Structures are given as structure tokens and as C-alpha cells.
Amino acid sequence: MSKKTNTLFFILAATAFNILLTVAAFMALLLLFTFVIMPGLPESALAKAAAWAIPVIFIGAIAISFAVYRIILKVFMKKVNIEKHFDPIFGGRRRPVRRD
């Protein structure tokens, strides 16, 4: 396969992995909230707690997935020679400047 094909497959796989990681983090935080925090709340506060918890859980899931994704990407970059297998997405290789 060419470098451009490798780059395309890497971007698609990394995007799918990041989305799955975000969904998994969201579900884990939602379960944590449901089984740990909600039982301790009074009955009158459940509706308000659920209303603010979903956006907070969503933002937390994005932050967690970003952190985990960065760590995994750093490990991947240490093990794989990026320049050997992938092409740059934007720009490409630098060309010498023409001076007329």
C-alpha cells in the first residue's frame, strides 16, 4: 500500500477509535453517576441533578477520551516510524524556493 493509503486508513481507524472511546467513557461516567451519586440524592433533587449531569458527563467523557487518545497516540508514534509509513495530510514535502 502507498503512504497516502496508509494515512487514509490510519485517519479512519483513529477517528472510529476516538468515537468508540468517547462513547465508552460516556457510558462509564453515566453508570457511575446512576449507581453511585443518584442513590444518595433526595427525591426532590433527582430531576435537577439529571438535567445538569448529562452535559457534565458528556464534557467529562470528551476530556477523558482526549487524554487516553493522546497517550495511546504517543505510544504508537514511539513504536512506528511515522515518516516511513505515512504521508503528510496538508502541505506535503517542502520544495526549494525559486529565486528569479
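As a reminder, the structure under discussion sits directly above these lines.
Worth saying up front: this structure is predicted, and the values here are computed from it rather than measured.

Undergrad: Which residues make up a nonpolar patch on the surface, and what values do they have?
TA: Taken together, L31, L32, F35, V36 and I37 make up a surface patch of nonpolar side chains, about 510 Å² in accessible area. Residue classification places F35 among the exposed residues on the basis of a relative accessible area of 62%.

Undergrad: With reference to specific residues and values, describe the packing of aromatic side chains.
TA: For any pair of aromatic rings, the description consists of the separation of the ring centres together with the inter-plane angle of the planes. The full count for this structure, using the stated rule, is three aromatic pairs. With a centroid separation of 5.3 Å and 15° between ring planes, the pair formed by F10 and F76 is classed as stacked. Separated by 66 residues along the polypeptide, F10 in helix α1 (residues 3-37) and F76 in helix α2 (residues 46-79) bring together distant segments of the chain. Take F76: its relative accessible area is 28%, and that puts it in the partly exposed class. Where F26 meets F58, the ring centres are 6.4 Å apart and the plane angle is 70°; that geometry is what we call edge-to-face. One end of the pair, F26, is in helix α1; the other, F58, is in helix α2, with 32 residues separating them in the sequence. Residue F58 is classed as partly exposed on the basis of its relative accessible area of 44%.

Undergrad: With reference to specific residues and values, describe the environment of N18.
TA: In this structure, N18 sits in helix α1. Considered as a pair, N18 and F66 are 48 residues apart in the sequence and their alpha carbons are 7.9 Å apart. Not counting chain neighbours up to four residues away, the residues in contact with N18 comprise S65 and Y69.

Undergrad: Which residues make up the packing of α1 against α2, and what values do they have?
TA: With their axes 8 Å apart at the nearest point, α1 and α2 run at an angle of 140° to one another. Taken together, the axis directions place α1 and α2 in an arrangement best described as oblique. For the pair α1 and α2, the sense of crossing is right-handed. Along the lines of polarity and charge, the residues of the contact of α1 with α2 split into 22 nonpolar, four polar and no charged.

Undergrad: Help me get a handle on α1, residues and values and all.
TA: Here α1 is 35 residues long and its end C-alpha atoms lie 49 Å apart, about the 51 Å a rise of 1.5 Å per residue gives. Residues of α1 that are buried include every one of N6, T7, A14, L21, T22, A25 and F33, and no others. Buried residues along α1 sit in contact with α2 and α3 (82-85).

Definitions and limits used
Residues numbered from 1 in each chain as written. Predicted model: local features only at pLDDT ≥ 70, side-chain atom pairs only at ≥ 80, totals over all residues. Heavy atoms only, no water. Patch = residues over 30% accessible without salt bridge, like charges linked within 9 Å, V, L, I, M, F, W, Y side chains within 5 Å. Areas by Shrake-Rupley, 256 points an atom, 1.4 Å probe, with all protein chains shown as cover. Salt bridge = Lys/Arg side-chain N within 4 Å of Asp/Glu carboxyl O. Buried < 20%, exposed > 50% of the residue type's maximum accessible area, 1.4 Å probe, protein only. Phe/Tyr/Trp six-rings, centres within 6.5 Å; stacked < 30°, edge-to-face > 60°. Helix = DSSP H or I, 4+ residues; strand = E, 2+ residues; numbered from the N terminus. Contact = heavy atoms within 4.5 Å. Axes fitted to C-alpha atoms, helices over the stretch in contact; angles between N-to-C directions. Parallel < 35°, antiparallel > 145°, perpendicular 65-115°, else oblique. Left-handed = near helix turned anticlockwise from the far one by under 90°. Nonpolar A, V, L, I, M, F, W, Y, C, P; charged D, E, K, R; others polar. Expected span 1.5 Å × (residues − 1).

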